[in-house]
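In case you want the letters, here they are:
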Amino acid sequence: MLAKYWKKIGMFILIVACVFNIMSKLVNKLSLNSEMLSSAQYVYEQQQQEENENKTN
């Protein structure tokens, strides 16, 4: 039975692997994007604090 359907089984495994790969890349991209935004916000806030400290001195 396996010999008769090996092409269909192989294609199914290939499609599942491709979908899994694409989904994992999308998930990692979104988390990287949020990490970059939070890092940029932190740097901006630090620069604002330094400017405020320099104005008061």
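Residues numbered from 1 in each chain as written. Predicted model: local features only at pLDDT ≥ 70, side-chain atom pairs only at ≥ 80, totals over all residues. Heavy atoms only, no water.

Caption draft 1: Quick peek at the overall build of the protein chain. The number of helices and strands found in the protein chain is one helix and zero strands. Computed over its C-alpha atoms, the radius of gyration of the protein chain comes to 25 Å, more than 25% above the 10 Å expected for a compact globule of 57 residues. Here the protein chain holds 57 residues, and 0% of them are scored as buried. Within the structure as shown, the protein chain displays about 5,700 Å² of accessible surface, and the carbon and sulfur contribution to it stands at 66%. Averaging the locations of the 6 positively and 5 negatively charged side chains of the protein chain gives two centres separated by 40 Å. (Helix = DSSP H or I, 4+ residues; strand = E, 2+ residues; numbered from the N terminus. Rg over C-alpha atoms; globule rule 2.2 N^0.38 Å. Buried < 20%, exposed > 50% of the residue type's maximum accessible area, 1.4 Å probe, protein only. Areas by Shrake-Rupley, 256 points an atom, 1.4 Å probe, with all protein chains shown as cover. Lys, Arg positive; Asp, Glu negative; His and termini not counted. Charge placed at Lys NZ, Arg CZ, Asp CG, Glu CD.)

Caption draft 2: Representation of the environment of Met 36 in the model. Looking at the secondary structure, you find Met 36 in helix α1 (residues 6-56). According to the relative accessible area criterion, Met 36 is exposed, its value standing at 54%. C-alpha of Met 36 to C-alpha of Asn 21: the two residues are 15 residues apart in sequence and 22 Å apart in space.

Caption draft 3: Just a nonpolar patch on the surface, in detail. A contiguous nonpolar surface patch, about 770 Å² in accessible area, is contributed by Met 1, Leu 2, Tyr 5, Ile 9, Phe 12, Ile 13 and Val 16. Here Leu 2 is to be found in the segment before α1. A relative accessible area of 59% means that Leu 2 is categorised as exposed. (Patch = residues over 30% accessible without salt bridge, like charges linked within 9 Å, V, L, I, M, F, W, Y side chains within 5 Å. Salt bridge = Lys/Arg side-chain N within 4 Å of Asp/Glu carboxyl O.)

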